[in-house]
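So the chains spell out like this:
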Amino acid sequence: LMPTDLVVHSGATLRLLPNAVLEMGKDRSIFIEPGGKVVLDHARVTNSCDNDWGRIVVKRGAKLVVDGGNIRSDNARWGGIEVWGNTSVVHGDLFGSVEPSGLTAADYVGVMTTASDPGVVVISNGSLIERGNVNTITTTRAGGYFPDHYGGLVYVENSVFDDCRKGVSLMRYE
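A brief structural summary. Note that the structure is a prediction, hence the values are computed from the model and not measured.

About the criteria used
Residues numbered from 1 in each chain as written. Predicted model: local features only at pLDDT ≥ 70, side-chain atom pairs only at ≥ 80, totals over all residues. Heavy atoms only, no water. Pairing = 2+ DSSP bridges. Helix = DSSP H or I, 4+ residues; strand = E, 2+ residues; numbered from the N terminus. Core = buried A, V, L, I, M, F, W, Y, C linked by side-chain atoms within 4.5 Å. Buried < 20%, exposed > 50% of the residue type's maximum accessible area, 1.4 Å probe, protein only. Salt bridge = Lys/Arg side-chain N within 4 Å of Asp/Glu carboxyl O. Contact = heavy atoms within 4.5 Å. Polar contact = N/O pair within 3.5 Å; in protein donor to acceptor, adjacent residues only side chain to side chain.

## Looking at the sheet that holds strand E16 (residues 168-169)
The parallel open sheet is built from six strands, whose spatial order is E1-E4-E7-E10-E13-E16. Every interior strand has two partners, whereas the edge strands, strand E1 (6-8) and E16, have only one. Pairing between E1 and strand E4 (residues 30-32): three bridges, direction parallel. Bridge pairing in E4 places Val-7 opposite Phe-31.

Okay, here's the thing in structure tokens:
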């Protein structure tokens, strides 16, 4: 049980191995700092109480990889995934000359980012995202109006959003 917020710092990777379960306490969140990474390798993040747990915040230059994993709340809604972007960064520049339609989950997982680049979320290989609140994944920043944080990178493939109030909210990005 995580009695406090979980912070993954720059240069650190939190890897939950197959069948591992991370239980979040009431109103507790996961914050992934620039240069930090969280990987759910067929693992699960859930709550351990009848109340909402917080959210997952993927800050600029950070990564969340859900590879066959599960993010859910057993008895209530959880706050969703917030992935921060940077409107001054052209996404295509991160991948070189590869056309977006030619990119795979591995490309997004492997892309090198700096602290000012967009945060990256990759959900693949039969992952299940359940019981999220409104905007289960959003490319905005909470706590005010931050339009310069639009444009987080989200790649979803062969995965399911189930019983979420609203699965994905992508803000306009040019």
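## Some words on the nonpolar core
Considering soluble globular proteins, one finds that nonpolar side chains tend to be buried as a cluster. In terms of nonpolar packing, the biggest core is built from 26 residues, with Ile-32, Ile-56, Val-58, Leu-64, Ile-71 and Ile-81 touching the most fellow members. Elements with a contribution of two residues or more to this core: E1, strand E3 (21-24), E4, strand E5 (37-41), strand E7 (56-58), strand E8 (63-67), strand E10 (81-83) and strand E11 (120-124). If you look at the next biggest cluster of nonpolar residues, it comprises 11 residues, including Leu-94, Ala-105, Val-111 and Leu-153.

## Some remarks on unusual backbone geometry
We note that Asn-158 has phi near 50 degrees; this positive angle belongs to a residue other than glycine. Looking at the secondary structure, you find Asn-158 in the loop between strand E14 (153-156) and strand E15 (160-162). Its identity is not glycine, yet Asp-163 carries a phi of approximately 55 degrees, on the positive side. Along the polypeptide, Asp-163 turns up in the loop between E15 and E16. The class of Asp-163 is partly exposed, set by a relative accessible area of 39%.

## Let's talk about the pattern of salt bridges
All told, the structure shown has eight salt bridges when counted by the stated rule. Arg-60 serves as the salt-bridge partner of Asp-148, at 3.8 Å between the closest nitrogen and oxygen. Remark: Arg-60 occurs in the loop between E7 and E8 and Asp-148 occurs in the loop between strand E13 (137-138) and E14; sequence separation between them is 88 residues. Since its relative accessible area comes to 17%, Arg-60 is described here as buried. Each member of the salt-bridge network shares a partner with another, and the members are Arg-72, Asp-74 and Glu-130.

## A short note on the environment of Asn-47
The residue Asn-47 is located in strand E6 (residues 44-47) in this model. Once the C-alpha coordinates of Asn-47 and Ser-29 are considered, the two residues, 18 residues apart in sequence, prove to be 11 Å apart. In contact with Asn-47, not counting residues within four places along its chain, are Met-24, Trp-53, Arg-72, Ser-73, Asp-74 and Asn-75. Separated by 3.4 Å, the side chains of Asn-47 and Thr-46 make a polar contact. Looking at Asn-47, its side chain comes within polar contact range of the main-chain nitrogen of Asp-74, at 2.7 Å.

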